[in-house]
Amino acid sequence: MAKSFYFSIQSWMLEELGLSLTDVAVFAYINGLTNSEELGKQGWRGSTRRLAKVLHVSPSTMNDIINRLEEKAYIRHCNGFILSNFHRDLPSKVEPEKPIVRNPDTFSDAEGTNVPF
């Protein structure tokens, strides 16, 4: 049984790369294959015609997109694979800092005064 694969277009791809939505979708697909632990981080292995069919784009449009992504150095060809030049880990879960309590009602009796209010 073939492994299932999905890709996501992340906000940094839209905001920082300066690409059209179609270009970003192709980049996100290749980037997902390049960085997928489950699929062995292989990138896309196959023809641009097959990639066009998978992503429902005409072959000539796919060639144009691949050329634009290569010109901007967002992807590269290596040993028959198309690989992304980007690897961004999702931010790890950071423990929030302990808040500083400034409410006088929360002080212990030893720190407080004898004034009831």
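As the structure is a computational prediction, the values presented were derived from the model and not from experiment. By convention here, each chain's residues receive numbers from 1 onward along its written sequence. The predicted nature of this model means local features are confined to residues of pLDDT at least 70 and side-chain atom pairs, given and counted, to a pLDDT of 80 or more, with totals for whole chains, interfaces and linings taken over all residues. Excluding hydrogens and water, the side-chain figures rest on all heavy atoms present in the structure.

Now for the packing of aromatic side chains. Aromatic rings from Phe, Tyr and Trp, taking only the six-membered ring of Trp, are treated as a pair when their centres fall within 6.5 Å; an angle between ring planes under 30 degrees marks them as stacked, one over 60 as edge-to-face, and anything in between as tilted. The full count for this structure, using the stated rule, is four aromatic pairs. With a centroid separation of 5.2 Å and an interplanar angle of 90 degrees, the aromatic rings of Phe-7 and Tyr-29 are classed as edge-to-face. Of this pair, Phe-7 sits in the segment before α1 (11-16) while Tyr-29 is found in helix α2 (residues 21-35), placing the two residues 22 residues apart along the sequence. Each residue is placed in one exposure class: buried if its accessible area under a 1.4 Å probe, protein chains only, is under 20% of its type's maximum, exposed if it is over 50%, and partly exposed if it falls in between. A relative accessible area of 31% means that Phe-7 is categorised as partly exposed. Ring centres of Tyr-29 and Trp-44 lie 6.1 Å apart, and the angle between their planes is 55 degrees; on these two criteria the pair is classed as tilted. Note on conventions: DSSP H or I runs of at least 4 residues are helices, E runs of at least 2 residues are strands, and numbering of each starts at the N terminus.

Further remarks concern helix α4 (residues 59-71). An ideal rise of 1.5 Å per residue puts 18 Å on 13 residues; α4 measures up with 18 Å between its terminal C-alpha atoms. Burial in α4 covers these residues: Met-62, Ile-65, Ile-66 and Leu-69. Along the long axis of α4, the arc covered by the buried residues comes to 100 degrees, so they all point the same way. Contact between two residues is taken to exist if any of their heavy atoms lie within 4.5 Å; hydrogens are not considered. In this structure, the buried residues of α4 make contact with α2, α3 (48-54), β2 (75-78) and β3 (81-84). Two residues or fewer after α4 comes Ala-73, characterised by a positive phi angle close to 65 degrees. Helix span, expected: 1.5 Å multiplied by one less than the number of residues in the helix. To be clear, the arc concerns the directions from the helix axis to the C-beta atoms.

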